[in-house]
Structure formats: C-alpha cells, structure tokens
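In case you want the letters, here they are:
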Amino acid sequence: MSSFSGWGPTDDGRLVPVVVAPGVNVVSAVGSSTDGSQGYATLSGTSQATPSVSGISTLIHDQRKRLNPSATRLRPATVKAILTQTALDLGNRGPDFQFGYGRVNAQGAIDLVRADGFHEDQMTANGQVREYGINVPTGQPVLKVTLAWDDYPGSSLAAKELVNDLDIELIDPKGIIYRPWLLDPVNPSTAATTGFDRTNNIEQVFVTSPVSGKWTVRVRGFQVPQVPQTYSLAASPPIDKSPFPSISGFNPVYDKDGATVPTFVFVFGSKFVVGATQVSVNGINQPIMQVIDENLLIFQLPSGNGARLDYLSSHGFISCPTRSRLPCITARTSTRSVSTRYITR
C-alpha cells in the first residue's frame, strides 16, 4: 500500500477503502507531448487507480448485456458486491482498514458474471427475512457470499451514517450459523473477527472448507426505516435465486434432521412453514393451510406458549418443543430420528 493512500476507518467507523487497485508508477495518458514521450507518463495517485475499477465495472456491465441483452442495468450495489466478492485478499485475513476486501480482480469478476453468481432483491418491510439455498459440492475449498445495498442518504455529521441496516448469515446443513466479517474501528489494525455489523452497507461471510450439501443464505432487515430497500448478493458457488417463503417481523430457524434430508422450520407470524407430511400440536392433528411443494407446507399454530410440535418428515419422526432459545439437540435410533428444536415465537 502506498504511503500517500487514505486508510480507514471513517469518523463513524465505516470500512474504507472497500477495494483497492494499482495506482503507483502507472503508465498514464497525459495528452499531447513535446518531449518525445508520445503523450504518456509514469504517474501515481487515485487518477491511476480509479480507471482500473471503472474499467472493470464497465466490463461487468458489458458481459451481463452480452449474456442477457434484455436485462436491466445492474444496480450500483450489484457491481460493488461483484468487485468485493472477487477481490484478491491483501493485508490481514479478511477485510481491513488498509486494503479493504482486497485488490480488484477483472478475470474473477467476469467469471462470476458468466456463472450467474449474483442476485438482486429487495426488502419491503422492517424485520423482513428472505432466504435462499446454495448447493455446496464436496471438496469446495471456500464458500463466500457478499451482501451490498444502496442505502438511503444519511444525515451530515451524524454519529452513524447508516440508515437501513441489513444482516446476512449462512446456515450449514447441520444448522450451524456463520456470520460476516466484523472490524473494530477503535482498534483499526486488529484483524477482522465475525459478528453483527451495525455500521456498513456491505457485508461478507467467508467459510473455509465448508461441509457439502444444501446451505441457507439468510438476509434480514434488522432495522429498515426506509422501504423499499434493494440489495444485491454475490456468491461462490452461485445461490438458488428462488427465495424461500418471505418472513416479516420474526426470526426464522433452519432445522435439518439427519445428514441429507432438509427440514425447514420458519416462524411465519403465528404460522410455521414445516418440511413434513403430517403435523400435530400437543397431540392434535392440525389442518394444512397451504402446500408449497412436496416437502413444505403451512399450518396454523395455536396461540399460547409451550406447544409441542410433532411431525413426520421424509427422514423420520420429528418432535419440536416451542421455546425461546436455540440450539438443536438431535438423538438418533435405529428406527427413527428425533430432533428437538427450540423455536422463537
């Protein structure tokens, strides 16, 4: 990193730079020349780094248009997510206040566009949750997903410029949750950890040696006073762009019994969306309100606390006492698989 480059954080703790590009001793156009240099000179500065990022961004738009001529122009947040997702990490592992997420990578960005590794969506309510599947093959070295959004304007000199605060999490097939990189602006040289980011409008979850199978990408509108709020995802491997049923105002719990068959449990107001074929609450069969597909259905959960949810999934009998905390305790026998999941109501 050059000695004259600006480093972060900003006054309110945001990450800058987000990405970096070569800008030292770059052969640059200088217009007409009378000294025999043919209009070129070796220069350094943001005027040299910015054209690299602008050029790659243009290539991203161009590649998208070639692949899908009728597609609308990508949102700024989408380009930002793609550049961040494919950047080559420099400095401390993960983002840092010196290099951001790393150096822009033209080939990686174009390859991600060709692989359809991005998705655009939006939040329409505060507290809304949207979830997507992502299939991780055996031997995948890294699972990485970036979330970015074009935030509404903040207030001048505010202690916190972020207006709408979104969260991203990854949930593996066993229900383990992975959260995004998190930096400490009070100690800017400290390496990134993970946790809830309440400052930036870009977040990234990075998992090394992920287990194979169906993962869940969860995007939550933690605090969204201004709606609608569009957002963009970039992922390697690509996500399934068909979201699971949208949830407003409640935190969902992803439940998976056994090693291969996913069972979904979502808090849907006072309803649950459950991967099952038979449902009872406190021993009483419940009418099915809607069948989403062969494994997902919606039914009404009676009011009150302490209800016990029992259902037969394609992998065995599942029993879930509805309480207020995680985690899941799983016991297996030779005749059935019993999964106990504490569910937020």
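In this report, we go over the structure that sits alongside the text.

The rules behind these values
Sequence order sets the numbering: in each chain, residues are counted from 1 along the sequence as written. Totals for whole chains, interfaces and linings use every residue, but because this is a predicted model, local features are given only for residues with pLDDT of at least 70 and side-chain atom pairs only at 80 or more, for both listing and counting. Excluded from the side-chain calculations are hydrogens and water; all other atoms, namely the structure's heavy atoms, are used. Residues belong to a common nonpolar core when they are buried Ala, Val, Leu, Ile, Met, Phe, Trp, Tyr or Cys residues joined through side-chain atoms within 4.5 Å. Accessibility here uses a 1.4 Å probe with only protein chains present; expressed as a share of the type maximum, an area under 20% marks a residue as buried, one over 50% as exposed, and anything in between as partly exposed. Each helix is a run of DSSP H or I of at least 4 residues and each strand a run of E of at least 2, with the numbering of both proceeding from the N terminus. Contacts between residues were defined by any pair of non-hydrogen atoms, one from each residue, lying within 4.5 Å. Counted as positive: Lys and Arg. Counted as negative: Asp and Glu, with His and the chain ends omitted from the count. Within this document, salt bridges are pairs made up of a side-chain nitrogen of Lys or Arg and a carboxyl oxygen of Asp or Glu, the two lying within 4 Å of each other. Only strands that DSSP links by at least two bridges are regarded as paired with each other. Only the stretch in contact is used when fitting a helix axis, every axis being a line fitted to C-alpha atoms; angles between N-to-C directions are given from 0 to 180 degrees. Any angle between 65 and 115 degrees counts as roughly perpendicular, while under 35 counts as roughly parallel, over 145 as roughly antiparallel, and the rest as oblique. Here a crossing is taken to be left-handed if its near helix is turned anticlockwise relative to the far helix by less than a right angle, and right-handed if that turn runs clockwise. Ten residues, namely Ala, Val, Leu, Ile, Met, Phe, Trp, Tyr, Cys and Pro, are considered nonpolar, four, namely Asp, Glu, Lys and Arg, are considered charged, and the remaining ones, Gly among them, are considered polar. Within 3.5 Å is the distance limit for a polar contact, defined as a pair of N or O atoms, with the added protein rule that one can donate a hydrogen and the other accept it, and that residues adjacent in sequence qualify only through two side-chain atoms. Only Phe, Tyr and Trp rings take part, Trp by its six-membered ring, and two of them pair if their centres are within 6.5 Å. Stacked means planes under 30 degrees apart, edge-to-face means over 60, and tilted covers everything else.

## Observations regarding the nonpolar core
Among the nonpolar cores identified, the biggest contains 28 residues, and I56, I60, I82, L83, Y101, V104 and F118 are the most heavily contacted of them. Looking at this core, the elements with two or more residues in it are α1 (46-67), α2 (76-85) and α3 (106-114). Excluding residues that lie within four positions of it along the chain, I56 makes contacts with L83, V104, N105, A106 and A109. Judged by nonpolar contacts, the second largest core, of 22 residues, contains I134, V205, V207 and Y231.

## Let's talk about the side chain of E203
One can find E203 in strand β10 (residues 202-208). At 5.3 Å, R198 is the nearest oppositely charged side chain to E203, a buried residue that forms no salt bridge. For E203, the residues in contact, after removing those within four places along its chain, are Y101, V145, T146, L147, W149, D165, L166, D167, I168, P180 and D197.

## A look at the sheet that holds strand β3 (residues 118-123)
By definition, the strands of a sheet pair up through backbone hydrogen bonds, in either a parallel or an antiparallel sense. Pairing is antiparallel across the open sheet formed by four strands, whose spatial order is β3-β12-β5-β10. The open sheet has two edge strands, β3 and β10, and neither has a second partner. Sheet twist, expressed as the mean angle between neighbouring strand axes with direction ignored, is 15 degrees. Alignment of β3 against strand β12 (residues 229-236), held across six bridges, turns out to be antiparallel. Bridge assignment links F118 to a residue of β12, and that residue is A234.

## Describing the packing of α1 against α3
Two elements in contact, α1 and α3, have axes separated by 9 Å at closest approach and are oriented at 25 degrees. In terms of orientation, α1 and α3 fall into the roughly parallel class. Two packed elements cross with a definite hand, and for α1 against α3 that hand is right-handed. The residues of α3 that touch α1, namely those facing I56, L59, I60, Q63, R64 and L67, are A106, A109, I110, V113 and R114. Class assignment of the residues belonging to the contact of α1 with α3 gives a composition of eight nonpolar, one polar and two charged.

## Looking at the side chain of D12
With respect to the helices and strands, the residue D12 is situated in the segment before β1 (26-29). In terms of polar contacts, D12 uses its side chain to reach the side chain of T10, at 2.5 Å. Here R14 takes part through its side chain, which lies 2.9 Å from a polar atom of the side chain of D12. With residues near it in sequence (within four places) discarded, D12 still touches A158, A159, K160, E161 and T199.

## Here we look at the sheet that holds strand β7 (residues 177-178)
Overall, antiparallel pairing links the four strands, which are arranged β4-β11-β6-β7 in an open sheet. Here the strands that pair on one side only, and so sit at the sheet edges, are β4 (129-136) and β7. Here strand β6 (residues 165-171) pairs with β7 via two bridges, running antiparallel. Considered in β7, the bridge of L170 is made with Y178.

## Things to note about the packing of aromatic side chains
Evaluated as defined, the whole model comprises two aromatic pairs. Between Y178 and W215, the aromatic rings sit 5.4 Å apart at their centres with planes inclined by 35 degrees, giving tilted as the arrangement. Residue Y178 is located in strand β7, and its partner W215 is located in strand β11 (residues 213-223); the two are separated by 37 residues in the primary sequence. By relative accessible area, W215 is classed as buried at 1%. Ring plane angle 35 degrees and centroid distance 5.9 Å describe the contact between W181 and F206, whose orientation is recorded as tilted. Of this pair, W181 sits in strand β8 (residues 181-182) while F206 is found in strand β10, placing the two residues 25 residues apart along the sequence.

## Some points on α3
Taken together, the buried positions of α3 are G108, A109, I110, L112 and V113. Contacts from the buried residues of α3 go to α1, α2, β3 and β12. Capping of α3 at its N-terminal end is provided by N105; its side-chain oxygen lies 3.4 Å from the backbone amide nitrogen of Q107. In the stretch just after α3, D116 is the one whose phi turns positive, near 55 degrees.

## A few points about the packing of α1 against α2
The contact between α1 and α2 brings their axes to 11 Å, and the two run at 110 degrees. The pairing of α1 with α2 is recorded here as roughly perpendicular in orientation. As α1 packs across α2, the resulting crossing turns out to be right-handed. Residues V53, I56, S57, I60 and H61 of α1 touch α2, and the partners they reach there are V79, I82 and L83. Here the contact of α1 with α2 is composed, by residue class, of six nonpolar, two polar and no charged.

From the geometry alone we can't say anything about function, so treat these as descriptive.
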